[in-house]
Amino acid sequence: MAAPQRRSLFRHALVSTAVMFVIGMSWAALDADAAEPAPTPAAETAPGAQGDGAEVAPTPGVVPAVGEGVPVAPAAPEKKSLEGKRIKDMTFLEWLERFAPIVILLAAIVFILLRLPKVDLGHSDAFRRRRVMNWLPLGLTYAFLYMARYNLNVAKTSLGDLMPLDEFALIFGVGSAVYAISFVLNGPLTDRFGGKRIILVSAFGAAVANILMGVVTMNALADAAAAKAAGQPVGDLGVTPMFTALYAINMYFQSFGAVAIVKVNAPWFHVRERGVFGAIFGILISLGIYFAYDWSEIVVTFLPIPWVFFVPALFLAVFFALDVFMVRDTPGEAGFEDFDTADASSGDDGPRLPVFTVMKMMATNPIILTIAAIEFCSGFLRQAIMQLYKPYIKAIENPDDLLIWVQHNWGLLLCAAGILGGTIAGIISDRVFDSRRGPVAALLYGVMLVSAIVGSLLVGTPYIGFLVVFMSMAIIGVHGMLSGTASMDFGGKKNVGVAVGLIDGCVYLGTAFMSAVYGAVLPGAEIDPATGQRADLDPSNWTIWPVVMIPVAAIGFLLATRIWHAKPKGKVASAH
């Protein structure tokens, strides 16, 4: 590409990025009234209550010492409420105000992507339309798999003492371990049977597991009500073994999702346009998180608790049917001509290699291993941000209005940040860096490193809230670029399942490592003998939160620079 064209694309990408960021965040100014909500009655904020007043779910996999979900000691009367307006008390206009920003942001992104100069690869308009109809139901299936995964957090919040913290940690911990280990098996299975079949298996298995968890919850609540009516203590209902088994089954089928969506899309996207798919992948992750927390919260507000499992199962059933009729593994199966995608499988027309041979190839590929190591850091940082902001703000004695506003809109802000991060990363990768993924990952990790350093100085100030949202935008951008896009490039469409399995498995290993580290270094619920205050409610004890992110971000940045010039190479020179 000529230098003037590169400069023009760079300017266009910068302007688009600025416009998206302004649109995504400017609506905050319109929500000033939400910064000072009316105090919520104590009876509605007791552990186990439904709605926004419920206790916050604990950090997945983190030991209870982190302080998440532990009932907070009574605060001084002047302490501002951290509980926003309950969903059931909102007017219709307030509902629109809460959900409209995501729709507006997505519309703005679509407009900007359509305005960008097209990468001419010879695709017809009919092909582009069919490709959208292929990835859209597939992608929304993946988003609702997220809802069927993290709904356990919302269920625990609503169940309160019926699912104690230690039992929740066991259930979620076993499920996360199964999820990470399953990639070893599910990656090769996806390469063998195709992404469409695997996404159907994933949706069906996760739906059945969620229905069964809903039934277990229904029976547990009925037993608790009967015991209470008889004047007997509720006690341990003995649901932990059943929940642990069912959630592990759910997470096994969940682990097919990311592999399937990348496997299906690999033959439909050329390397030069896969940055756009990375943007789509980031958007889908963000919408999935939004569905999991905000929509599940609506469910438990208006419906009995078991429906937090039944509703995502219904969504998965609907998209299972849509996927059967609309999704195709390759353009050829949809009536279009298959084409060379210029990835690592380019020119490889030989027979499929044995599974262990492919796994050895992936496990000895220095680029794949470097990407997996970077994504280990991404798993650490993403969950350190997402899971620990709420317990942090509990430690602030009299939080600023800005901190409260971020807390009230946490799920919405994470969704907006993830959408922006994925889209910005995709545009820059394809339009500025000639479809190389390493430079984007390095730049975003540079943002993470600087932000973690600044964050260590901002603990206890009102600015830390927006800073961690900004960091979330950067790390989700990295995740979309590497797990969703680079895995396609360097695994190739023939072996992308194994590549995604290796890379995404490392993401969850990073999450597990984060849980262990923060469980050890963050303050617990013990009383400080010097101050008489709980350690986790002392803001000065939370400086370690961003400090721990600094070395992880530095390692991720250094690793990303090692793949700065990396591009996939097929067996022969490819052309499209």
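Located above this text is the structure these notes cover.
Residues numbered from 1 in each chain as written. Predicted model: local features only at pLDDT ≥ 70, side-chain atom pairs only at ≥ 80, totals over all residues. Heavy atoms only, no water.

Draft legend 1. Region of interest: the packing of helix H7 (residues 274-302) against helix H14 (residues 464-521). Here H7 crosses H14 at 130°, and the two axes come no closer than 8 Å. As far as their axial angle goes, H14 and H7 are oblique. Relative to H14, the crossing made by H7 is right-handed. Only Ile476, His479, Gly480, Met481, Ser483, Gly484, Thr485, Met488 and Asp489 of H14 make contact with H7, whose side of the interface consists of Arg274, Gly275, Phe277, Gly278, Phe281, Gly282, Ile285 and Ser286. (Axes fitted to C-alpha atoms, helices over the stretch in contact; angles between N-to-C directions. Helix = DSSP H or I, 4+ residues; strand = E, 2+ residues; numbered from the N terminus. Parallel < 35°, antiparallel > 145°, perpendicular 65-115°, else oblique. Left-handed = near helix turned anticlockwise from the far one by under 90°. Contact = heavy atoms within 4.5 Å.)

Draft legend 2. Examining unusual backbone geometry more closely. Phi angles above zero are rare outside glycine, and Asp434 is one such case at about 55°. Looking at where Asp434 falls in the secondary structure, it is placed in the loop between helix H12 (410-431) and helix H13 (438-458). With a phi close to 65°, Ser435 is a non-glycine residue in the positive phi region. Following the sequence through the fold, Ser435 ends up in the loop between H12 and H13. Exposure remark for Ser435: the relative accessible area of 3% places this residue in the buried category. (Buried < 20%, exposed > 50% of the residue type's maximum accessible area, 1.4 Å probe, protein only.)

Draft legend 3. Main features of the nonpolar core. Counting 151 residues, the largest nonpolar core has Tyr518 and Trp545 as its most contacted members. By residue number, the principal contributor to this core is H14, which donates 26 residues. Residue contacts for Trp545: discarding those within four places in its chain leaves Ala384, Ile385, Leu388, Tyr389, Tyr392, Ile464, Val468, Tyr518 and Leu522. (Core = buried A, V, L, I, M, F, W, Y, C linked by side-chain atoms within 4.5 Å.)

Draft legend 4. Quick peek at the pattern of salt bridges. Under the criterion given, the structure shown has 6 salt bridges. Across the pair Arg437 and Asp430 runs a salt bridge whose closest N-O atoms are separated by 3.1 Å. With respect to burial, Arg437 and Asp430 carry one shared label: buried. Bridged by salt links that share partners, the residues Arg274, Asp430, Arg437 and Asp489 form one connected network. (Salt bridge = Lys/Arg side-chain N within 4 Å of Asp/Glu carboxyl O.)

Draft legend 5. Local environment of helix H5 (residues 195-229). When the terminal C-alpha atoms of H5 are compared, their 51 Å separation across 35 residues agrees well with the 51 Å that a helix rising 1.5 Å per residue should span. Among the residues trailing H5, Gly231 stands out with phi positive, at a value near 75°. (Expected span 1.5 Å × (residues − 1).)

Draft legend 6. Spatial organisation of the packing of aromatic side chains. On inspection of all chains with the given rule, the structure shows 25 aromatic pairs. Taking 5.4 Å as the distance between ring centres and 75° as the angle between the ring planes, the aromatic pair formed by Tyr252 and Phe253 counts as edge-to-face. Given the relative accessible area of 23%, Tyr252 is considered partly exposed. Aromatic side chains Tyr252 and Phe256 sit 5.3 Å apart centroid to centroid with 80° between the ring planes, which places their arrangement in the edge-to-face category. On the criterion of helical spacing, the pair formed by Tyr252 and Phe256 is a turn pair, its members being 4 residues apart in helix H6 (residues 240-265). (Phe/Tyr/Trp six-rings, centres within 6.5 Å; stacked < 30°, edge-to-face > 60°.)

So, to be careful, I would describe these as geometric facts and stop short of saying anything about function.
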